Amino acid sequence: MIKTINFARRAVLGLAAGAMALGLAGPAAAEADFSGKTIEWIIPFSAGGGSDTWARFNAPLLSKYLPGNPVVVVVNEPGGGSTKGTNLFAARAKPDGLMLLGTSGSTQFPYLLGDPRVRYDYKEWKIAMAGPTGGVVYTTPSLGLTGPEDIAMLKDKELVYASQGATSLDLVPLLGFRLMGFNVQHVFGFKGRGDGRLSFERGEVNIDYQTSSAYIKSVQPLVEAGQAVPLFSWGVLNEAGEVVRDPTFPDLPSFVEAYETLTGAAPSGPEYDAYFAFFTAGFPAQKMAFLPKDTPDDIVAAYQKAFEDMKTDPDYLANAEAVLGSYEQVTGPLAQALFEKGTTISPELRTQVGTMLGAEYGVKLGED
């Protein structure tokens, strides 16, 4: 267990090297006091998905370690591919530490693509914590597959996927499935990955993916019951920036391995460049917790210290890997480095993907 957690940490150390060189300090001693207060942790997704699972695991521990032990309430505000709840935070949050925002790649992608629904600016916020994560793609055994080795059987199948929208984190499977040559109908408009999983369980869609925490909690039991077949994980980046197997799912091939099984060659070219850019933006910095601009330094420091302190809590140590997978939540320079990586993309790739979505899927930015 310790070995895999260290692996995940090493994968982000390289990203933080520049920040460390600038002399950024870690969390300082907190002076804030939240005694008698209630903190709203806004999650711009429906209940049951990876972001909701992540927040509900962390919330009671955050309450325990913030000064004054405030009540921390997770508030789900789904809609607009996660832009609705995020816009709400941007408009309403005061710099008093009483409202926290949890984002994922589905919140970052509309921002990166210039979606007109976005009325928030990541660069204005102060990051309290960041956490890499992964994800697993799975299908139904009714298609005849028994494991990852059967993935080529999907080449001639009609697949249906429940998507939050083309500018959400579901852009990664859209680009990935397209690169693999799968015939997938993407049904847009779902409010969260949890809703997509429920649609899979009802038999309305036949291919799905969940981020690691939701997969462990809600999909692994389906696999054990013979109701779902895992195909591959998206993988993680090693220190050289290469996609390797996710240490949380060491028995599953990565996306790159699955692609090689299908085609006999490693992925390359402009379409892979686009996929890799959004995978990188969406997963190494997948989960982030933010405070609004102008939040005093003592409040930011209190949050960062609480997130660090809770990682030594017996409940956290006993349950974190089972809930979150083998990914370490980080603060300070590491979080800042992940934040910058997850909210930056080249103009060329933005244009390439936006043009493709319009031409091939009829997607206009601002619409699901």
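Residues numbered from 1 in each chain as written. Predicted model: local features only at pLDDT ≥ 70, side-chain atom pairs only at ≥ 80, totals over all residues. Heavy atoms only, no water.

Section: the side chain of Asp115
For clarity, the threshold we go by: A helix here means a DSSP run of H or I that spans at least four residues, while a strand means a run of E at least two residues long, and both kinds are numbered starting from the N terminus. Pairs of N or O atoms within 3.5 Å make up the polar contacts considered here, provided that, within protein, one atom can donate a hydrogen while the other can accept it, and that residues adjacent in sequence are counted only when both atoms are side-chain atoms.
Position of Asp115 relative to the elements: it lies in the loop between helix H4 (105-113) and strand S4 (126-131). Polar contacts involving the side chain of Asp115 include one to the side chain of Arg117, which spans 2.8 Å.

Regarding the nonpolar core
For soluble globular proteins, the rule of thumb is that nonpolar side chains tend to be buried together. Defined as follows: Nonpolar cores were defined as sets of buried Ala, Val, Leu, Ile, Met, Phe, Trp, Tyr and Cys residues, with membership established by side-chain atoms within 4.5 Å. Each residue is placed in one exposure class: buried if its accessible area under a 1.4 Å probe, protein chains only, is under 20% of its type's maximum, exposed if it is over 50%, and partly exposed if it falls in between. Contact criterion: two residues are considered in contact whenever any of their non-hydrogen atoms come within 4.5 Å of each other.
Of all hydrophobic cores here, the largest spans 48 residues; its most connected members are Phe232 and Trp234. Listing elements by their share of this core, those giving two or more residues are H4, strand S6 (158-162), helix H5 (171-180), strand S8 (207-211), strand S9 (229-233), helix H8 (255-263), helix H9 (270-282) and helix H13 (347-361). Each residue touching Trp234, except ones within four places of it in the same chain, is listed here: Gly135, Val137, Val172, Pro173, Tyr209, Val243, Ser254, Phe255, Tyr275, Phe279 and Phe283. Core analysis: the second largest hydrophobic core is formed by 30 residues, Leu61, Val74, Val300 and Ala320 among them.

Side note on the sheet that holds strand S5 (residues 135-139)
To keep it simple, the criterion reads: A pair of strands counts as paired when DSSP detects no fewer than two bridges linking them. Angles run from 0 to 180 degrees between N-to-C directions of axes, and those axes are lines fitted to C-alpha atoms, restricted for helices to the stretch in contact.
One open sheet accounts for 3 strands, arranged S8-S5-S9; its pairing is antiparallel. Of all strands in the sheet, those with a lone pairing partner are S8 and S9, marking the two edges. Neighbouring strand axes in the sheet, compared pairwise and without regard to direction, differ in orientation by 30° on average. As paired strands, S5 and S9 are joined by 4 bridges and run antiparallel to one another. Residue pairing in the sheet places Thr139 in a bridge with Val229 of S9.

What to know about the pattern of salt bridges
Our working definition: One speaks of a salt bridge when a side-chain nitrogen belonging to Lys or Arg is within 4 Å of a carboxyl oxygen belonging to Asp or Glu.
Taken as a whole, this structure holds 15 salt bridges when the rule is applied. Note that Asp52 is salt-bridged to Arg56, the shortest N-O span being 2.7 Å. Taken together, the residues span about one helical turn, with Asp52 and Arg56 both in helix H2 (residues 50-65) at a distance of 4 residues. With its nearest N and O atoms 2.8 Å apart, the salt bridge here joins Asp115 to Arg117. Among the residues examined, Asp115 registers a relative accessible area of 2% and is labelled buried. Because the salt bridges share partners, they merge into one network encompassing Asp170, Arg193 and Asp208.

Some points on helix H11 (residues 314-324)
Applicable threshold: When we speak of the arc, we mean the arc of directions from the helix axis to the C-beta atoms.
Of all the positions in H11, only Tyr316, Ala320 and Leu324 are classed as buried. For H11, the angular spread of buried residues about the axis comes to 25°, placing them on one side. Projecting away from the buried face of H11 at angles above 90 degrees are the exposed residues Pro314 and Ala318. Lining the buried residues of H11 we find H2 and helix H7 (212-224). Capping of H11 at its N-terminal end is provided by Asp313; its side-chain oxygen lies 2.8 Å from the backbone amide nitrogen of Asp315. Gly325 lies just past H11 and shows a positive phi near 90°.

Brief notes about the pairing of S5
Counting buried positions over the 5 residues of S5 gives 5, a clear majority of the element. Neither face of S5 is left uncovered, since the one carrying Gly135, Val137 and Thr139 and the one carrying Val136 and Tyr138 both have all their residues buried. Looking at chain direction, S5 and S8 are connected through 5 bridges and run antiparallel. Looking across to S8, one finds that Gly135 is bridged to Thr211.

Regarding unusual backbone geometry
Not every positive phi belongs to a glycine, and Asn69 is a case in point at roughly 50°. Here Asn69 is to be found in the loop between H2 and strand S2 (71-76). At Asp294, a position not held by glycine, the phi torsion is positive, near 70°. As for its placement among the helices and strands, Asp294 is situated in the loop between strand S12 (287-291) and helix H10 (297-309).

Details of the sheet that holds S2
Hydrogen bonds between backbone groups are what pair the strands of a sheet, and the pairing can be parallel or antiparallel. Taken in spatial order, the 5 strands of this open sheet run S2-S1-S3-S12-S4, and their pairing is mixed. With partners counted over all chains shown, the strands left at the sheet margins are S2 and S4, one partner each. This sheet shows a mean twist of 25° between the axes of neighbouring strands, independent of strand direction. Note: strand S1 (residues 38-43) against S2, 6 bridges, orientation parallel. Of the residues in S2, the one forming a bridge with Trp41 is Val74. Of the strands in this sheet, S1, strand S3 (99-103), S4 and S12 are in contact with H10, which crosses S4 at around 10°.

Brief notes about the pairing of S1
The cut-off we apply is this: If the strands point away from the viewer and the path from the first strand over the helix to the second runs clockwise, then the crossover is right-handed.
In this region the chain leaves S1, passes through H2 and returns to the parallel neighbour S2; the handedness of that crossover is right-handed. Note: S1 against S3, 3 bridges, orientation parallel. Bridge pairing links Trp41 to Leu100 in S3.

A closer look at the packing of H2 against H11
The criterion, for reference: Any angle between 65 and 115 degrees counts as roughly perpendicular, while under 35 counts as roughly parallel, over 145 as roughly antiparallel, and the rest as oblique.
Between H2 and H11, the least distance of the axes is 11 Å, while the angle of their chain directions is 170°. Here H11 runs roughly antiparallel to H2, going by the angle between their axes. Residues Thr53, Trp54, Phe57, Asn58 and Leu61 of H2 touch H11, and the partners they reach there are Tyr316, Asn319, Ala320, Val323 and Leu324.

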